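Chain by chain, the residues:
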Amino acid sequence: MPRPFELVIFDCDGVLVDSETISAATLADNLTRIGFPVDLDYVNEHYLGRSFDVIRADYARRAGRLLPQEFAAAWYGDLFAAFRRDLKAIVGVADVLQRLAIPKCVASSSAPARLALSLEVSGLASLCGADVFDASMVNRGKPAPDLFLYCAERMGAVPTRTLVVEDSTSGIAAAVAAGMTAWAFVGGSHYARGSDTSPLRRAGAARIFASMMEFGLE
């Protein structure tokens, strides 16, 4: 019997590394510092799984002015310091990556430098190899399907036989739009016990799981 999938695409933040709480906290602090007070709930609802361009556009729309040019450098400075201090791999994901018997790759909305640092400090870089893709490689980020379709093309996989593991509604929607099967992982620290996962299901998640120990393609 043929395997149902020929490629697995992993999102990075919130799937491979437990970064979303760190990212949201530092982003909220930096936005508040420039007179744009937001809380963690707002950050998670509007920016989770999205590229920096979404933050820039939302700020301009709500604040009525452009995001300061120096903002990205200031936020990334705080974020990278926090990553080096506190970032950890999701429990059990290293074992999943090691034992996966079919090709895999990483597809992230993060900027290339952030993505590289995340994989390095979490100890996952060697397990992911060179097959790491980010939103700067395509015209449209998630929830558009462009990045996932680009991954499938580069990896020589058929979209309908590709599995995507995501933690955000935008990522799930992007996978579904690409014609791929989407699984939602809700084991990151930004998902509190008992969190409402219905938005993920409505976005098209075929499966929702909270522990990498539950991951399996059998």
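Refer to the preceding data block for the structure.
Residues numbered from 1 in each chain as written. Predicted model: local features only at pLDDT ≥ 70, side-chain atom pairs only at ≥ 80, totals over all residues. Heavy atoms only, no water.

Chemist: Any chance you could break down the sheet that holds strand S2 (residues 104-108) for me, citing the residues and the numbers?
Modeler: With respect to topology, six strands assemble into an open sheet ordered S3-S2-S1-S4-S5-S6, the strand pairing being parallel. Single-partner strands in this sheet number two, and they are strand S3 (132-134) and strand S6 (207-209). For this sheet the average axis-to-axis angle between neighbouring strands, irrespective of direction, equals 25°. Against the sheet, helix H8 (residues 146-155) makes contact with strand S1 (7-10), S2, S3 and strand S4 (162-166), and its axis sits at roughly 155° relative to S2, the strand it touches most. Here helix H9 (residues 169-177) sits on the sheet and contacts S4 and strand S5 (181-185); the angle it forms with S5, its principal contact strand, is near 165°. (Pairing = 2+ DSSP bridges. Helix = DSSP H or I, 4+ residues; strand = E, 2+ residues; numbered from the N terminus. Axes fitted to C-alpha atoms, helices over the stretch in contact; angles between N-to-C directions. Contact = heavy atoms within 4.5 Å.)

Chemist: Account for the nonpolar core, naming residues and giving values.
Modeler: In this structure, Phe10, Leu16, Leu31, Val165, Met212 and Phe215 are the most contacted members of the largest nonpolar core, which totals 50 residues. Among the elements that take part in this core, helix H4 (residues 71-86) stands out by supplying eight residues, more than any other. Sequence-distant contacts of Leu31, that is, excluding residues within four places in its chain, are made with Phe36, Pro37, Val38, Tyr47, Tyr59, Leu67 and Phe71. One finds Phe133, Ala157, Ala175 and Met180 within the second-largest nonpolar core, a separate group that totals 23 residues. (Core = buried A, V, L, I, M, F, W, Y, C linked by side-chain atoms within 4.5 Å. Buried < 20%, exposed > 50% of the residue type's maximum accessible area, 1.4 Å probe, protein only.)

Chemist: Break down unusual backbone geometry for me, with residues and values.
Modeler: Geometrically, the link from Lys142 to Pro143 is a cis peptide bond, its omega value of 15° lying close to zero. If you trace the backbone, Pro143 turns up in the loop between S3 and H8.

Chemist: Describe the pattern of salt bridges, with residues and values.
Modeler: As enumerated under the stated definition, the model contains 10 salt bridges in all. For the salt bridge of Asp11 with Lys142, the shortest nitrogen-to-oxygen distance reads 3.2 Å. Here Asp11, found in the loop between S1 and helix H1 (20-33), pairs with Lys142, found in the loop between S3 and H8; they are 131 residues apart in sequence, far enough to count as distant. Classification of Asp11 by relative accessible area gives buried; the value is 4%. A salt bridge links Arg33 to Asp78; the nearest nitrogen and oxygen atoms lie 3.4 Å apart. With Arg33 in helix H1 and Asp78 in helix H4, the pair connects residues that are 45 residues apart, well separated along the chain. A relative accessible area of 58% means that Arg33 is categorised as exposed. Through salt bridges that share partners, Asp11, Lys142 and Glu166 make up one connected network. (Salt bridge = Lys/Arg side-chain N within 4 Å of Asp/Glu carboxyl O.)

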